[in-house]
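# Examination of the molecular architecture
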Amino acid sequence: MSRGASGALLALLLLPLLLLIGSPPASAVDTLCLPGPDKACIAGTLRTDAGVLPDVTLTITDEAGTVTEVTTSETGKWNLQVDKEGTYVVKLDESTLPKDLTVDTGEVTVQAKFGATVPALLTVRTADYSASTSKFDELLQSSVNGIRLGLLLALASVGLSLIYGTTGLSNFAHAEQVTLGGMLGYWLVNLHSMNLWLGGVLVVLLCSGTGWLQDRALWQPLRRRGLGLIQLMIVTIGLSLALQYTFQLLVGARTVRVVQENPAVSEFGPVTITHQSLVAMGISIVVLAAVGYALLRTRIGRATRAVSDNPALASASGIDTDRVIRLVWTVAMGLAGLSGLLYALVVNGIKWDSGMQILLLLFAAVTLGGLGTAFGALIGALIIGLVVELSPVLGMPGDFKYATAMLILILLLLVRPQGLLGKAQRVG
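Report on the accompanying structure. Because the structure is a prediction, the values reported are computed rather than measured. Throughout, residues of each chain are indexed from 1 in the direction in which the sequence is written. With the structure being a predicted model, the display of local features is reserved for residues of pLDDT at least 70 and the display and counting of side-chain atom pairs for 80 or more, all residues being used for whole-chain, interface and lining totals. Only hydrogens and water are set aside when side-chain values are computed; all heavy atoms of the structure are taken into account.

For the rest of this paragraph, the subject is a positive patch on the surface. There is a patch of like positive charges on the surface, built from R297, R299, R302, R305 and R323. Helix and strand assignments follow DSSP, with helices taken as H or I runs no shorter than four residues and strands as E runs no shorter than two, numbered in order from the N terminus. It is helix α7 (residues 299-309) that contributes the most residues to the positive patch, three residues altogether. Along the polypeptide, R305 turns up in helix α7. Partly exposed describes any residue whose relative accessible area lies between the buried limit of under 20% and the exposed limit of over 50%, with all areas from a 1.4 Å probe on protein chains only and scaled to the type maximum. Overall, the relative accessible area of 34% leaves R305 in the partly exposed class. Like charges are joined within 9 Å and nonpolar side chains (Val, Leu, Ile, Met, Phe, Trp, Tyr) within 5 Å, but only among residues with over 30% relative accessible area and no salt bridge; these make up the patches. Here the Shrake-Rupley method, with its probe set to 1.4 Å, supplies the accessible areas, and only the displayed protein chains count as covering residues. Note on definitions: salt bridges are taken to be side-chain nitrogens of Lys or Arg within 4 Å of carboxyl oxygens of Asp or Glu. Here the positive residues are Lys and Arg and the negative ones are Asp and Glu; neither His nor the chain ends is included. Think of each charge as sitting on NZ of Lys, CZ of Arg, CG of Asp or CD of Glu.

Here we have three strands laid out as an open sheet, ordered β6-β1-β10, and mixed in their pairing. Looking at the sheet topology across the chains shown, the edges are occupied by β6 (77-82) and β10 (117-119). Strand-to-strand twist across the sheet, computed as the mean angle between neighbouring axes with direction ignored, equals 25 degrees. For two strands to be treated as a pair, DSSP must find at least two bridges joining them. Looking at chain direction, strand β1 (residues 40-45) and β6 are connected through six bridges and run antiparallel. Across the sheet, residue G44 finds its bridge partner in β6, namely W78. In this description, a line fitted to the C-alpha atoms serves as the axis of each element, helices being fitted only across the stretch in contact, and the angle between N-to-C directions of two axes falls anywhere from 0 to 180 degrees.

Let us look at the environment of V331. As for its position among the elements, V331 is in helix α9 (residues 321-346). Assessed through its relative accessible area of 35%, V331 is described here as partly exposed. A sequence separation of 172 residues divides V331 from G159, and the C-alpha atoms of the two residues are 7.0 Å apart.

A pair of sulfur atoms, both from cysteines and within 2.5 Å, is called a disulfide here. Scanning the model with the defined rule gives one disulfide in all. Each disulfide pairs two cysteine sulfurs, and for C33 the partner residue is C41, the sulfurs being separated by 1.9 Å. Disulfide C33-C41: the torsion about the S-S bond is -70 degrees, which places it as left-handed.

Attention shifts here to helix α11 (residues 374-390). Working rule for helices: expected span equals 1.5 Å times residues minus one. For α11, with 17 residues, the first-to-last C-alpha span of 24 Å sits near the 24 Å given by 1.5 Å per residue. For α11, the elements touching its buried residues are α2 (135-167), α6 (275-297), α10 (354-369) and α12 (401-415). It only takes one pair of heavy atoms within 4.5 Å for two residues to be counted as in contact.

By themselves, these observations are geometric and do not establish any function.
Here it is in structure tokens:
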């Protein structure tokens, strides 16, 4: 590969990352409070099990004894920006509460730090509140959380499976594309006050562009040079490490949020879910359905499946395999970027190593469903998501919930090595 092509590849791969440097903070429109280098925020939402509590007064006292009063909004939210680090005491004025409420925690002490928003959690309950929940309610809540996680994993794992199916390559840098989607969302929406929907579209386009250039300037030349899959896999590992530490260099080790304001919450019986999660799940379903339709009903989708089944036969039949593979890289990187943006919204932030934390889950989903099978990756992702969220409810310690998913994967592969939807192949 020429120096010019190498330079072009490096420039486009780093362009979305370099945009994160030196960006000024956004204005505080529609946000609770924006901390800065010499500002800290104390914030919270006052609510009971029956709903939010507006027009309630709280007093915040600093170390010097200065008292500041704040009042909750119509949505129960409140915040205070302070210009001194240190200890602050947040106290609830119980005389401003509605009647028939019980205060469990009416006073808390927080440590304010510059550049951070510190939550102050005050607990108020109705008189008939009961903290006990049934096992069935816990299962319902965890099942919804598992489906949500599974759909987000599916967006990334479907692209990972398509790449493996058409090239045979296990892309270890795929999870960093998920992180890139969240980081770009933070840069566009948070730092530059772009509309969330418009910012989401730009995130997908930018990530898709990096996928197109990766194949054009890196993977296609390496394939034509005859590099084996082991060598190509080592390149993906190196690219993964380079991207991880680039994220850490540009953004730091902190968690960054795409949207600063606290998400609204809806309750459906025993299930509580944020509006952001509902929208993210809806977008995931629509996008996955569109990908499935394209694979089954369109000409390029049939060509993709042909290349995945037998690249040599597909090429002999007149299919431009290089064009198909480049399209797969483009779509896969766009799906991973969308997954990263939605993941950052659902979990209220993303870090430089967020992709690395879910990498094994992505490979588990692809392997469980069947290597190279897009629909298998979808089913595998949903199963992995449910297992991860349900295992703590069924008695597994929370720290081992990812290990539970790996254990189920191993047990299934002992019975069905090709995965759920994979085709059995002769070895030897």
